[in-house]
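Descriptive analysis of the structure
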Amino acid sequence: MSTKPLRVLVLSCSTRPGALGPAVARWVVDAVDAHAAELGVEVVTVPLGELNLPFLDEEEHPSSGVYRHEHTRRWSAMVEAADGFIAVTPEYNYGMPATLKNALDYLSAEWAWKPIGFVSYGNTSAGTRSVQHAKQVVTTLRLVPLGATVAIRIGDSVQQGRLRPDATRDAAAVALLDELVRVAHCLRPMRVRAQAGTLPGPLPGSYLRRLTPHDAPEVTVLQRCCWVEEAVANDSLDIPPLHESPEEVREWLADWQTSGLWLDGRLLGMVRTRLVGTDLHLGRLAVVPDLRGRGLGRWLLRTGELAAGQDSRRVLLFTGAKSQHNIDFYQREGYRTVPADGPDGTISLAKDLIPA
C-alpha cells in the first residue's frame, strides 16, 4: 500500500445565513481529528459558500476538462488533489441543497473513483432524503457513496445553535472516516490509472507510471522477491536490492527516473534510469516471479531505453557475473560486455545508441 497521505475534504454545503451546517462541519472535524492523525489522513473543511461558484457558467461540458473561468480551475484543483469527501448537508424540500448539486456539476473526471460519505441533518428525516437524492447524482460521476452515514435530527441534538455532546454520534463519525479511508485505498489504483502521465502496459488493464518515494514499500517487496535467484546464482547475499530498507529505497527513488508497471494496485515490475555523462545507466530491471516468461522484462527494458536523450551515446547496465540467464537475455537484446567500474561480483554490458 502506498504511503502517500490521504486528503479528505469536508464539504460544508449550506450557505443560508445562520445555518447549522458550519457547526456540524466543525463537529465532524473535531470528532475525527485524533483518529485522522493516527491514520495519516489530512482533513480539510471546504465551505461551499466561500468558493464563490456561480451557477454553472462553463461553455464546454465538464467532461472536456476545458475550463475558462478561474473559479472553476481553482475548484478543479481542490477536488483533483483530494482522495475522498464527506458532505455535510441539510435537506431542503426532500433534496440536497442547490450549492452541492452545482458544485458537483462543475466537474467530471476529478470526482472519479473517490469515496464520499454523508453527514446529514434535518428535522423529520434527519436529512436522509437529501442523502438519497445526492447518491443518485454522485454515482453518475463515478464517486462511490459509503454505506456508513451519520444522520442528525435537529430537535434531539441541537441546543442554542450548538450540537449537544454525544459519544455515540462521535463514534459514528469515526466509523465513517474508517470506511472512507479503506475505500479510498481500495480505489487508489483506479484513480492513478486515470491520471495524466500513465501509459498502457503490455497486459490487459496494466499501466505504466513513474514511481515516487511514496512507492518505496511496494518497491522494497518487489526487490526482495526478485533478487533471490540472483543471490543463489552468484552465491552471495551482498546484493543491495535484497537488504535495502524502505528508507534507502525512498532515497534512490527521489534521484532515479523509475518506471513501474502496475495492475490492480500490484507492482508487477520496474526499471530505473539515470544519465551519467553520455551514458544512460539502466538498472533494477525486475518482474514478479509468477509473470516471468511473458515478455514483461523485454517491454520494461525497452521502456527504460526510451529515456535516452539526444546526448546519450550508449545504455550501460550491470548484472551478476554468474547470472548467465540475465547475461543471455541482455545479449539477445543487443548488449555486449564492456569494461566498466561496476560493483564487485558484476559484469558490465552496454548497447550503443543510433544517433537520431
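In the block above lies the structure referred to throughout.
Here the residue numbering is sequential within each chain, running from 1 through the sequence in written order. Only residues with pLDDT of at least 70 get local features here, since the model is predicted, and only at 80 or more are side-chain atom pairs given and counted; chain-wide, interface and lining totals rely on the full set of residues. Water and hydrogen atoms play no part in the side-chain values, which are based on all heavy atoms of the structure.

**Observations regarding the layout of surface pockets**
Quick reminder of the rule: The definitions used throughout rest on a 1 Å grid laid over the protein atoms alone, on which a cavity is an enclosed set of points accommodating a 1.4 Å probe that cannot get out and a pocket is an open set flanked by protein within 12 Å on both sides along at least five of seven lines; lining residues are those having an atom within 4 Å of a point. Grid points are joined across faces, edges and corners, and a volume is the space filled by probe spheres set on the points. A run of H or I in DSSP counts as a helix once it spans at least four residues, and a run of E counts as a strand once it spans at least two, with each numbered from the N terminus.
Computed from the structure, the largest pocket encloses a volume of approximately 1,400 Å³. Lining the largest pocket are 47 residues, with W227, E230, L285, T319 and N326 sitting closest to its centre. At the level of secondary structure, the elements contributing two or more residues to the lining of the largest pocket comprise α8 (228-234), α9 (240-243), β11 (266-276), β12 (279-287), α11 (296-305), β13 (314-320) and α12 (324-332). Considering every element that reaches the lining of the largest pocket, the biggest residue donor is β12, with seven residues.

**Observations concerning α11**
Put simply, the rule reads: A simple rule labels every residue: compare its accessible area, found with a 1.4 Å probe on the protein chains alone, to the largest value its type can have, and call it buried under 20%, exposed over 50%, or partly exposed in between.
Summarising burial for α11: seven of the 10 residues are buried, a large majority. By the burial criterion, the buried members of α11 are L296, G297, L300, L301, T303, G304 and E305.

**Quick look at the state of the cysteines**
Condition: Disulfide: a pair of cysteine sulfur atoms within 2.5 Å of each other.
In total, this model carries zero disulfides according to the counting rule given. Here C225 is not disulfide-linked; the sulfur of C226 is the nearest cysteine sulfur, at 3.9 Å.

**Regarding a negative patch on the surface**
This is how the line gets drawn: A patch is a set of surface residues, each over 30% in relative accessible area and not in a salt bridge, joined within 9 Å for like charges and within 5 Å for the nonpolar side chains Val, Leu, Ile, Met, Phe, Trp and Tyr. For the accessible areas, the method is Shrake-Rupley and the probe is 1.4 Å, while residue cover comes only from the protein chains on display. Just to be clear on terms, a salt bridge is a Lys or Arg side-chain nitrogen sitting within 4 Å of an Asp or Glu carboxyl oxygen. Residues scored as positive are Lys and Arg, those scored as negative are Asp and Glu, and His as well as the terminal groups of each chain are ignored. Where a charge lies is defined by one atom per residue type: Lys uses NZ, Arg uses CZ, Asp uses CG and Glu uses CD.
A contiguous patch of negative charge, built from E247, E248, E251 and D255, is present on the exposed surface. Along the chain, the position of E247 falls in helix α10 (residues 246-255). Given the relative accessible area of 46%, E247 is considered partly exposed.

**Thoughts on the side chain of E91**
Put simply, the test is: Think of a polar contact as two N or O atoms within 3.5 Å of one another; within protein, one of them needs to be a possible hydrogen donor and the other a possible acceptor, and neighboring residues in sequence only count if both atoms come from side chains. Any two residues having at least one pair of non-hydrogen atoms within 4.5 Å are treated as being in contact.
Note on placement: E91 falls in the loop between β3 (84-90) and α3 (98-105). The exposure class assigned to E91 is buried, which follows from its relative accessible area of 17%. In this structure the side chain of E91 is engaged in a polar contact, spanning 2.6 Å, whose partner is the side chain of S125. Within the local environment of E91, its side chain forms a polar contact with the side chain of R129, the two groups lying 2.7 Å apart. Those residues in contact with E91 that sit more than four places away from it in its chain are Y121, S125, G127, T128, R129 and S130.

**Some thoughts on the pattern of salt bridges**
Per the stated rule, a full pass over the model turns up 18 salt bridges. The closest approach of N and O atoms between R209 and D215, which form a salt bridge, is 2.8 Å. Neither R209 nor D215 differs from the other in exposure class; each is buried. Connected via shared salt-bridge partners are D83, R188 and R191.

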